[in-house]
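# Remarks on the overall topology
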Amino acid sequence: MPPVPSGHRPASFHAPVLSCVALVLLAACGGGADAGLPAEPPGWTWSLPPGFAPPLVPADNPMNTAKVELGRRLFHDARLSANGTLSCAGCHAGALAFTDGRAVARGATGQNHPRNAPGLFNAAYQATLDWANPAPRTLEQQMHTPLFGEQPIEMGVNDANRDAILQRLQSDAQYPNRFAQAFGGETAPLHWDNVIKAIAAFERTLVSAGSRYDQARTGTATLTDSEQRGQALFFGAQGAAHCVQCHGGPNLGGGAFVNIDGRVGTPGFHNIGLFNINGSSAYPDSNRGLIEFTGKPEDMGKFRAPSLRNVALTAPYLHDGSVATLEAVLALHADGGRVFGPGPYAGDGRANPYKDPLIDQIRIDAQEQADLVAFLKTLTDTPALADPRFADPFAR
Ligand code: HEC
Ligand code: HEC
């Protein structure tokens, strides 16, 4: 395992290796096991593919097997939503690389989300979470949005129903025991903080590194000529595709935080020329991007360059799900943006003054676009999609 750098990291983190040590120490000190409470849970061993550093684990949420398994159940459990209709997996389905196949996500009460649901593989390595919000840095922080958010309502948990939802879990045949095992030492472990911690621990295990692209890197698969040409274009070995400059790092996007290879990346947000309403530079009010968080005019229309792992399964594309196919996404990058309209959002996105200048430098002809699409399809991780550790435990 490569060393995890300790330099650029918020103080609330420590290396996962240390979490295990902390757990062991706790267990050695007794950790409440004598008061008739469940014994300390067994620790955690990362079984990561070669070249993958463990993701960051917050100091107050160390990994253990009981917690990960509890998190898997909670992630797939619709009882967690106010009206019992929608689980996390309802919008992040394993078979679709943890997306929902919809242009924009739909919440428990039927309300549309303004944005497309991103996949969750390797999300633990992302520098920031969500399409344009630079604030959530941990999976625990991010989860407040789907659980408690009101604009839009996703799972609809609020002050009026949060205790009743916990009561549903409390009266389940398995949950009380599973919470006790996962959070050994706590007298009343079934509370929202621990729901969040368990799901986050599960999410940290969603590692995708078994695609044909990965296999080709380790010499266990050979890519076709077209896929190889696409790969060379993507990584800039030839031509002027510039893909890697925005979709960089082992996740091919986003800017990994503690990278899969142990390095620290920077988040990247870019305007790729999708809108320019009436020539005013504006994006639609519901989806203005980074500007909503920074207030800076130049951040209009800036969204995170998404990870492209498993991208063949995550259609439709872009923050608003407005593009149906990879071919069309590539054409749009090649055209320097898009002309949108007619309608209230009409305008020439290619002329958006805040467009990233790199977009105009992308020069890829039809054959090169086809090769790039072929390459993107090698990023599908078939073994991970079928991994029983990630599957819905309630499915029969
Ligand atoms: C209504 C559908 C819906 C539900 C239910 C939902 N999500 Fe999401 N999720 C989304 C959408 C849409 C986004 C993008 C949000 C944004 O950028 O504003 C997202 C983003 C995320 C991200 C950020 C991923 C990244 O790479 O940036 C994570 C992590 C996540 N969700 C986890 C969860 C968990 C855990 C649950 C259950 C507690 C959950 N989601 C429930 C729709 C949903
Ligand atoms: C200037 C930065 C930049 C460059 C260069 C770039 N992209 Fe993108 N790409 C983005 C951003 C940002 C998005 C999301 C935009 C949005 O939703 O508003 C995106 C979206 C995508 C998507 C859709 C993914 C999804 O899940 O919705 C694909 C596929 C993609 N890019 C492939 C490529 C390829 C292939 C190249 C090289 C030809 C490339 N990009 C070059 C920034 C870039």
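In case you missed it, the structure is sitting above this.
Source: prediction; values computed, not measured. (Residues numbered from 1 in each chain as written. Chains lettered and ligands numbered in written order. Predicted model: local features only at pLDDT ≥ 70, side-chain atom pairs only at ≥ 80, totals over all residues. Heavy atoms only, no water.)

### Some remarks on unusual backbone geometry
Following Q151, the chain continues into P152 via a peptide bond in cis, with omega recorded as 0 degrees. With an omega of -10 degrees, the peptide bond between A315 and P316 qualifies as cis. Positionally, P316 belongs in the loop between strand 4 (303-304) and helix 12 (326-334). Residues other than glycine seldom take positive phi values, yet D130 does so here, at roughly 80 degrees. In this fold, D130 is placed in the loop between helix 3 (88-91) and helix 4 (139-148). For D130, a relative accessible area of 24% translates into the label partly exposed. With phi around 75 degrees, L318 is a residue other than glycine that occupies positive phi space. (Helix = DSSP H or I, 4+ residues; strand = E, 2+ residues; numbered from the N terminus. Buried < 20%, exposed > 50% of the residue type's maximum accessible area, 1.4 Å probe, protein only.)

### Quick word on the environment of V339
One can find V339 in strand 5 (residues 339-340). Note on V339: relative accessible area 56%, which makes it exposed. Distance in space between the C-alpha atoms of V339 and F275 is 7.4 Å, their sequence separation being 64 residues.

### Topic: the nonpolar core
Across soluble globular proteins, nonpolar side chains have a tendency to be buried as a group. L74, L80, L147, W192 and V195 are the most contacted members of the largest nonpolar core, which totals 44 residues. Elements represented by at least two residues in this core include exactly helix 2 (65-75), helix 3, helix 4, helix 5 (162-170), helix 6 (175-182) and helix 7 (192-204). Once residues within four sequence positions are removed from consideration, L74 is found in contact with L80, L169, Y175, F179, V195, A198 and I199. (Core = buried A, V, L, I, M, F, W, Y, C linked by side-chain atoms within 4.5 Å. Contact = heavy atoms within 4.5 Å.)

### Here's the deal with the packing of aromatic side chains
One pass over the structure, following the stated rule, counts 18 aromatic pairs. Residues Y175 and F179 carry aromatic rings whose centres are separated by 6.1 Å and whose planes lie at 55 degrees to one another, so their mutual orientation is tilted. With Y175 and F179 both in helix 6, this residue pair falls four residues apart, about one helical turn. No difference in accessibility class separates Y175 from F179, as the two residues are buried. With a centroid separation of 6.3 Å and 25 degrees between ring planes, the pair formed by F179 and F183 is classed as stacked. Given a relative accessible area of 0%, F179 falls into the buried group. Ring-pair connections join several aromatic residues into one group, and the members of that group are F75, F98, F121, F202 and F390. Its end group placed over the ring of F275, R338 keeps NZ or CZ at 4.7 Å from the ring centre. (Phe/Tyr/Trp six-rings, centres within 6.5 Å; stacked < 30°, edge-to-face > 60°. Lys NZ or Arg CZ within 6 Å of the ring centre and 35° of its normal.)

### Quick word on the environment of P54
Following the sequence through the fold, P54 ends up in the loop between helix 1 (16-28) and strand 2 (57-58). Here P54 falls in the buried class, since its relative accessible area comes to 2%. When the C-alpha positions of P54 and T205 are compared, they lie 9.5 Å apart, and in sequence the two are 151 residues distant.

### Side note on the site of ligand 2
Surrounding ligand 2, one finds 27 residues, the nearest of these being C243, C246, H247, H319 and H333. Within the side chain of H333, a nitrogen or oxygen atom sits 2.8 Å from a nitrogen atom of ligand 2. Secondary-structure elements contributing two or more residues to the shell around ligand 2 are helix 10 (243-246), strand 4 and helix 12. When residues of the shell around ligand 2 are assigned to their parent elements, the largest contribution, four residues, is made by helix 12. When its residues are assigned to classes, the shell around ligand 2 shows 20 nonpolar, five polar and two charged. (Near = heavy atom within 4 Å. Polar contact = N/O pair within 3.5 Å; in protein donor to acceptor, adjacent residues only side chain to side chain. Nonpolar A, V, L, I, M, F, W, Y, C, P; charged D, E, K, R; others polar.)

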